[in-house]
Amino acid sequence: MKPLVQRGFALPEVLAALVVASLAISLFGSFASARIDAEKIRAQRVEGRYIASLVERAHRQGLLADSASTATDLQAALPHAAIPTRLAGGQTYRIALDGDDPRILVDVKTRLPGGRSVIRTEIVRSLLPVSELRIPFWRARQLRQTREEAE
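Every residue gets a number counted from 1 within its own chain, in the order that chain's sequence is written. This being a predicted model, a pLDDT of at least 70 is required before a residue's local features are given, and a value of 80 or more before pairs of side-chain atoms are given or counted; all residues contribute to the totals for chains, interfaces and linings. Excluding hydrogens and water, the side-chain values take into account all heavy atoms of the structure.

J.: Hey, could you run me through the pairing of strand β2 (residues 101-111) in this one?
T.: A regular strand carries its side chains on alternate faces of the sheet. Here strand β1 (residues 93-98) runs beside β2; their pairing, made up of 6 bridges, is antiparallel. If you follow Arg94 over to β2, its bridge partner there is Leu105. Note: two strands are recorded as paired if DSSP finds a minimum of 2 bridges between them. Each helix corresponds to a stretch of at least 4 residues labelled H or I by DSSP, and each strand to a stretch of at least 2 residues labelled E; elements are numbered beginning at the N terminus. Following β1, the chain reverses through 2 residues before pairing antiparallel with β2; Gly99 in that reversal takes a positive phi of roughly 65 degrees. Two elements, β2 and strand β3 (residues 117-124), share 8 bridges in a ladder whose sense is antiparallel. What sits directly across from Ile104, in β3, is Val124. Taking the residues that link successive antiparallel strands as the turn, the β2-β3 hairpin has 5 residues, and the phi of Gly115 there is positive, at about 95 degrees.

J.: So what exactly am I meant to see when it comes to the side chain of Gln44 here?
T.: Turning to its location among the elements, Gln44 is positioned in helix α1 (residues 11-60). When accessible area is computed with a 1.4 Å probe and restricted to protein chains, residues below 20% of their type maximum are described as buried, those above 50% as exposed, and intermediate ones as partly exposed. Classification of Gln44 by relative accessible area gives buried; the value is 18%. In this structure Gln44 touches Leu87, Ala88, Gly89 and Gln91, once residues within four positions along its chain are discounted. Residue contacts are defined here by distance: any two heavy atoms, one from each residue, within 4.5 Å place the two residues in contact.

J.: Any chance you could explain the pattern of salt bridges here in plain terms?
T.: It is possible for side chains of opposite charge to pair when their charged atoms get near one another. One side-chain nitrogen of Lys or Arg within 4 Å of one carboxyl oxygen of Asp or Glu is enough to make a salt bridge. Taken as a whole and judged by the stated rule, the model has 4 salt bridges. With a shortest N-O distance of 3.0 Å, Glu56 and Arg60 are connected by a salt bridge. Highlighted residues: Glu56 and Arg60, both in helix α1, separated by 4 residues, approximately one helical turn. A relative accessible area of 15% places Glu56 in the buried class. In this structure, the salt-bridge partner of Arg94 is Asp107, at a minimum N-O distance of 3.1 Å.

J.: Got a minute to help me understand the sheet that holds β2 in this structure?
T.: As a general point, the strands of a sheet are linked pairwise by backbone hydrogen bonds and lie either parallel or antiparallel. Pairing is antiparallel in the open sheet, where 3 strands are placed in the order β1-β2-β3. The outermost strands of the open sheet, each flanked by one partner alone, are β1 and β3. Strand-to-strand twist in this sheet, taken as the mean axis angle between neighbours without regard to direction, amounts to 30 degrees. The angle between two axes is taken between their N-to-C directions and runs from 0 to 180 degrees, where each axis is a line fitted to C-alpha atoms and a helix contributes only its stretch in contact.

J.: I would appreciate a short explanation of α1 in the present structure.
T.: Because an α-helix completes one turn every 3.6 residues, residues spaced three or four positions apart along the sequence face the same direction. Taking 1.5 Å of rise per residue, 50 residues should cover 74 Å, and α1 covers 73 Å from first to last C-alpha, within 8% of that figure. When we look at burial in α1, the residues that qualify are Gln44, Glu47, Gly48, Ile51, Ala52, Leu54, Val55, Glu56, Ala58 and His59. In the segment just after α1, Gly62 is the residue with positive phi, at about 80 degrees. Any helix carries an expected span of 1.5 Å times its number of residues minus one.

J.: Just to check I follow, could you spell out the nonpolar core for this structure?
T.: In globular proteins that are soluble, nonpolar side chains generally tend to be buried together. Working definition of a nonpolar core: buried Ala, Val, Leu, Ile, Met, Phe, Trp, Tyr and Cys residues. They are joined through side-chain atoms within 4.5 Å. In this structure, Leu64, Leu74, Tyr93 and Ile104 are the most contacted members of the largest nonpolar core, which totals 21 residues. Of all the secondary-structure elements, those providing two or more residues to this core are α1, α2 (71-77), β1 and β2. Sorting elements by how many residues they give to this core places α1 first, with 5 residues. In this structure Leu74 touches Ile51, Leu54, Val55, Ala58, Leu64, Ile83 and Ile95, once residues within four positions along its chain are discounted.

This is the structure in structure tokens:
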């Protein structure tokens, strides 16, 4: 009598291999999607800082009126620069000028676990020049005012 020889895989082995493969793929997908989301957020922040630096430059040169609040106002102040009307993620932004503190306000839509969504406003300022990084903000403002008065 010949012993029975199994050829191929049995159904439980195939199912176990499929489950392990699907878990590995979903784990890889979750890590990849988190990295993609982080890269999108980083790109939006970089673009926001770029636009904020354009706002600060236009404000320092006196090209931007105090009533400016949209991208078209910034485009009118800096006609040589290509200024997007929305950020990379489709987010709208507004210009806020309060004294010597030019910045942009970005509306960020956040989804909550309950299915609701909340819109919050994020403030984006341009990066400080390297010479002003090691001194307090109020002192940097005084130095800027002194420089502007000397000009």
